[in-house]
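Read off the chains here:
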Amino acid sequence: AQLRDAVSVVDEEKLPQVDAGKTRQNIQQSTTRQVQATTVDIDFNTAPDRSPQAEHIVAAGGARLNVHTIYTKTPPEDTTVQADQLFATLVDGETLSSLRGTGHTSLVTVNPNGITQSSKGDNLLLTFAPSPSAKPEEKGSKAKPDASAPQPAAQLQSAVQLGNVTLVQQGAANPGGPPPPVTTATAQRAAYDAATQVVQLSGSPRLEETSGELSANLIEVSRSSGNADATGGVKATYHQTNGQSMAFTASGPVHVVADHAHLEHATDLTIFYGKAGEQARLWQGSDSVAAPVLELSRPHSTLSAHGPGGDAAAVHAVFTGSPAVSQPSAVNAAITPARSNQSSRAPSVVRLQSRTLFYSESDHKAVFAGAVVAQTSTGLLHANFMDVYFAPAAGAQAPGKPPRATILDT
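Residues numbered from 1 in each chain as written. Predicted model: local features only at pLDDT ≥ 70, side-chain atom pairs only at ≥ 80, totals over all residues. Heavy atoms only, no water.

As for the overall build of the protein
- Looking only at helices and strands, the protein features 1 helix and 25 strands.
- For the protein, the proportion of its 410 residues judged to be buried stands at 38%.
- A fraction of 51% describes how many contacts in the protein between residues 6 or more apart in sequence connect residues 24 or more apart.
- Per element, the accessible surface of the protein, about 22000 Å² overall, is 52% carbon and sulfur. (Helix = DSSP H or I, 4+ residues; strand = E, 2+ residues; numbered from the N terminus. Buried < 20%, exposed > 50% of the residue type's maximum accessible area, 1.4 Å probe, protein only. Contact = heavy atoms within 4.5 Å. Areas by Shrake-Rupley, 256 points an atom, 1.4 Å probe, with all protein chains shown as cover.)

Some thoughts on the side chain of S222
- Mapped onto the elements of the fold, S222 is located in strand β12 (residues 218-222).
- Under the relative-accessibility criterion, S222 is labelled buried at 14%.
- A distance of 3.0 Å separates polar atoms of two side chains, one belonging to S222 and the other to S224.
- Those residues within four positions of S222 in sequence are excluded, and the remaining contacts are Q197, V198 and N227. (Polar contact = N/O pair within 3.5 Å; in protein donor to acceptor, adjacent residues only side chain to side chain.)

Description of the pattern of salt bridges
- One pass over the structure, following the stated rule, counts 6 salt bridges.
- Note that E208 and R206 form a salt bridge whose closest N and O atoms lie 3.2 Å from each other.
- When its relative accessible area of 34% is taken as the criterion, E208 is described as partly exposed.
- With relative accessibility at 32%, the residue R206 sits in the partly exposed group. (Salt bridge = Lys/Arg side-chain N within 4 Å of Asp/Glu carboxyl O.)

Structural notes on the nonpolar core
- Grouped together as the largest cluster of nonpolar side chains are 68 residues, with contacts concentrated most on L201, F272, V289, L294 and F368.
- Aside from chain neighbours lying at most four places away, what touches F368 is A317, F319, L352, S354, T356, L357, N384, F385, M386 and V388. (Core = buried A, V, L, I, M, F, W, Y, C linked by side-chain atoms within 4.5 Å.)

Remarks on the side chain of S211
- If you trace the backbone, S211 turns up in the loop between β10 (206-209) and β11 (212-215).
- On the accessibility criterion, S211 (10% relative accessible area) is buried.
- A distance of 2.3 Å separates the side chain of S211 from the side chain of R298, its partner in a polar contact.

Side note on the confidence of the model for the protein
- Here the protein shows a mean pLDDT of 81. Residues at 70 or above account for 78%.
- Predicted confidence is poor over residues 141-151, with pLDDT under 50, and the contacts of this stretch with residues over four places away or in other chains come to 10 contacts.
- Taken as a whole, residues 394-404 scores under 50 in pLDDT and shows 21 contacts with residues more than four places along the chain or in a different chain. (pLDDT = per-residue confidence, 0-100.)

Pasting the structure below:
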């Protein structure tokens, strides 16, 4: 069958009505499918009863498929697939088995929660599995399936998009509130598995948000929770946005390199991990912190660094202070850089080692704990705990706090 010129085919499938008050399941009530294209060709095969049944559908010229599903307990869900050409394979003449798109493909889903997820790429392949309620009854079951009763439509099983892939996720809009946050991901290949709700990005994958970006060899994102795992050659950069910042003695973006990382979407916490012989490292300007584990919370502007147990120092930090001059020969003076209007020496450098580190931007303070060693060009100090205070801004000093990069033995 050949259909030409502004083709539009609409199929509505209504399922047996279910009383929403008598079931906890969110059951489909109806599904509407619409195919639009310049040309549509349908290939038929012969069914067992000798009747013709559709086997393949080819839509070309601005091909578009929209699936609108209404549920008993939640708002509807919309899925739209577009491409230069769409090729669909059917089972039993009516159940969608696979859908292949070529040329300028896009997939947009608006779920019942109002979250919009879209992707674009060169090629797209969707595979579908029959609904569990549409499967034959198991042996020994007393219930007899009603062949005449309509069954729920086939469910998406997997999706693979190839070539210059761009994925965008936007939260549900709040009336009168700020625009929902947008997360953008790019890769050469994106694979989605419906059973695990995980999207796997490969081929130079990269996540981008307003506050920064992250890249790795492989990135996996959970569509249900929003959490993400990055593996291999992790690199991240964070910018100062919406009052959220992380600054030691320097200014500008914060950079992190690690072997792998885990991103918690609900708390906006990112945990970076090193590997054997190579620690995760965070730096800003000439200041840096290295440890087996770095936990960065952007909403709270805090950094936690730690490693395995034992007496070995896991955390290594380097901070730069203002130009220093010689101090009186006292322990505190030997490790406390001071300012002088009469000297133009190079900035002082403070090197620290410890088992753990916790830094809070709101307090402008870093707390080192466990076998702490602080070293400057003029002295060395060992302690169990040590606080390091930082000036809140260039040339500024917090009220009641020591000058920038001052070390206090607690």
